[in-house]
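Observations on the three-dimensional arrangement
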Amino acid sequence: MAPGTPGFIPVLHAATTSRPDEIDTLVAADAVAAALKELGYRTEIIGLASDFAEVEALSASSPLLVFNLVDAVDGDGKLAPMVPERLDALGIPYTGCQSSAWRDTLSKIETKLRLAETGLPTPDWSEDGTGLAQQPRVIVKPVWEHGSLGLEESSVVPGAKAPQVIAERNERWTTEHFAESFIDGREFNVAMLGGASGVDVLPIAEITFEDWKDGRPRIVDYDAKWAPDSDVYAGTPRRFGLEETAPALAGRLTLLAQASWILFGLSSYARIDFRVDAEGRPYILEVNVNPCLSPDAGFAAAAGEGGLAYEDMIGRIVEASRGALSVTV
């Protein structure tokens, strides 16, 4: 049973069955609720509608806190920060990063500006694609969406084509895109778990690219994350052990992840994604304030590698979130 007096912890999500990434959130909600029950908490899975009525009704149930799995509302990632903001207004604590961190990391461009201003390495970028013509390859990404939504093989193009591709994708996806220098190298995920005494950096995961088709850019696109029957899903397994095989690189990634945690005021749990170029230079790609918590996802895998069972990981997140700790390194 969890420390302290067990209470009510509803699991809140706004996912539908319309996309694989949203279905994965439903899987995570079931797993989190099952873990909370095992820990001795009362719980209920609550699906959030676009009018946010379910959030308004939470006060009447006096929850110990809300386990917040909302990363999009009606499929729109820009709306996700409204949930912690409303919970703040109601005085209801919740898991995950606070609303300020959500706002500061919602736009990939704003995130990169903050990183660059602080001297933390992130690939060069352009909002409209201009200025990158000399880059051999760039990757065109949505500004607001996460979970690799909108990323595919054709997202990587010569720098000179960036303005055209951005315009085409803005129209196709009806959302803003930008271009970023493509770092053709290794990819790492650094999961971080907060606590009363500091933040733990979990074992670092590398996403490997195996049996890769010649000429295909090495990226973790939408299919690589969400299409189990695809060759790119099978070709992007994760592996651990960097701390033993390349301790200097692991140390550098750890320091940069900790610096990102402090810069954005992260709390509870988060994940920082990196690419490392052929010369061993790391670049911060994204700061994820609400990484997926399904049992087969990267965060749970890193926790397991570090000796935390899934149930224990959920318990740690609950304890780190009580009091909305933004712990120091």
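Throughout what follows, the structure given in this document is the object of discussion. (Residues numbered from 1 in each chain as written. Predicted model: local features only at pLDDT ≥ 70, side-chain atom pairs only at ≥ 80, totals over all residues. Heavy atoms only, no water.)

**Regarding helix α6 (residues 162-173)**
Defined as follows: Elements are defined by DSSP. Helices are runs of H or I of four residues or more, strands are runs of E of two residues or more, and each kind is numbered from the N terminus. Expected span of a helix: the number of residues minus one, times 1.5 Å. Type-normalised accessible area, obtained with a 1.4 Å probe on protein chains alone, sets the label of each residue: buried when under 20%, exposed when over 50%, and partly exposed for intermediate values. Our arc is simply the arc of the directions from the helix axis toward the C-beta atoms. Throughout, a contact is declared for two residues whenever any of their heavy atoms are within 4.5 Å.
Its 12 residues give α6 an end-to-end C-alpha distance of 16 Å, which sits within 8% of 16 Å, the value for a rise of 1.5 Å per residue. Within α6, the full set of buried residues consists of Ala162, Val165, Ile166 and Arg169. The arc enclosing the buried residues of α6, seen along the axis, measures out at 100°, which places them on a common side. Looking at the buried positions of α6, the neighbouring elements they touch are β4 (125-126), β5 (138-142), β6 (156-157) and β7 (177-181). Immediately beyond the C-terminal end of α6, within one or two residues, lies Thr174, with a positive phi of roughly 50°.

**Some thoughts on the pattern of salt bridges**
To keep it simple, the criterion reads: Each salt bridge in this description consists of a side-chain nitrogen of Lys or Arg and a carboxyl oxygen of Asp or Glu lying within 4 Å of one another.
Summed over the entire model, instances satisfying the criterion amount to 21 salt bridges. A salt bridge links Glu152 to Arg172; the shortest N-O distance between them is 2.7 Å. With Glu152 in the loop between β5 and β6 and Arg172 in helix α6, this pair connects stretches of sequence that are 20 residues apart. What makes Glu152 partly exposed here is its relative accessible area of 23%. Members of the salt-bridge network, linked through shared partners, are Glu153, Lys213, Arg216 and Asp221.

**Brief notes about the sheet that holds strand β1 (residues 11-13)**
Let me state the cut-off plainly: The pairing criterion for strands is at least two bridges between them, as found by DSSP. Working convention: axes come from line fits to C-alpha atoms, limited for helices to the stretch in contact. Angles between N-to-C directions cover 0 to 180 degrees.
An order of β2-β1-β3 is seen for the three strands of this open sheet, with the pairing classed as parallel. For this open sheet the edge positions go to β2 (45-47) and β3 (67-68), each flanked by a neighbour on one side alone. Where β1 meets β3, two bridges bridge the pair, whose relative direction is parallel. Its bridge partner lying in β3, Leu12 is registered against Asn68. Lying over the sheet, helix α1 (residues 20-38) contacts β1, β2 and β3, oriented at roughly 175° with respect to β1.

**With respect to empty space enclosed by the protein**
Sizing a probe to match a water molecule and rolling it over the atoms shows the empty space that remains. Rules: The method works on a 1 Å grid over the protein atoms by themselves. A cavity is a set of points holding a 1.4 Å probe that cannot get out, a pocket is an open set with protein on both sides within 12 Å along at least five of seven lines, and residues with an atom within 4 Å of a point line them. Grid points are joined across faces, edges and corners, and a volume is the space filled by probe spheres set on the points. Charged means Asp, Glu, Lys or Arg here, nonpolar means Ala, Val, Leu, Ile, Met, Phe, Trp, Tyr, Cys or Pro, and polar covers whatever is left, Gly included.
In this structure the tally under the stated criterion is one cavity of 30 Å³ or more. Each pocket or cavity is described by its volume, and for the largest cavity that value is around 40 Å³. Along its surface, the largest cavity is lined by Asn189, Val190, Ala191, Ala205, Arg238, Arg271, Gly298, Phe299 and Ala302. Elements with a minimum of two residues in the lining of the largest cavity: β8 (186-195) and α11 (298-305). Across the lining of the largest cavity, the residue classes break down as five nonpolar, two polar and two charged.

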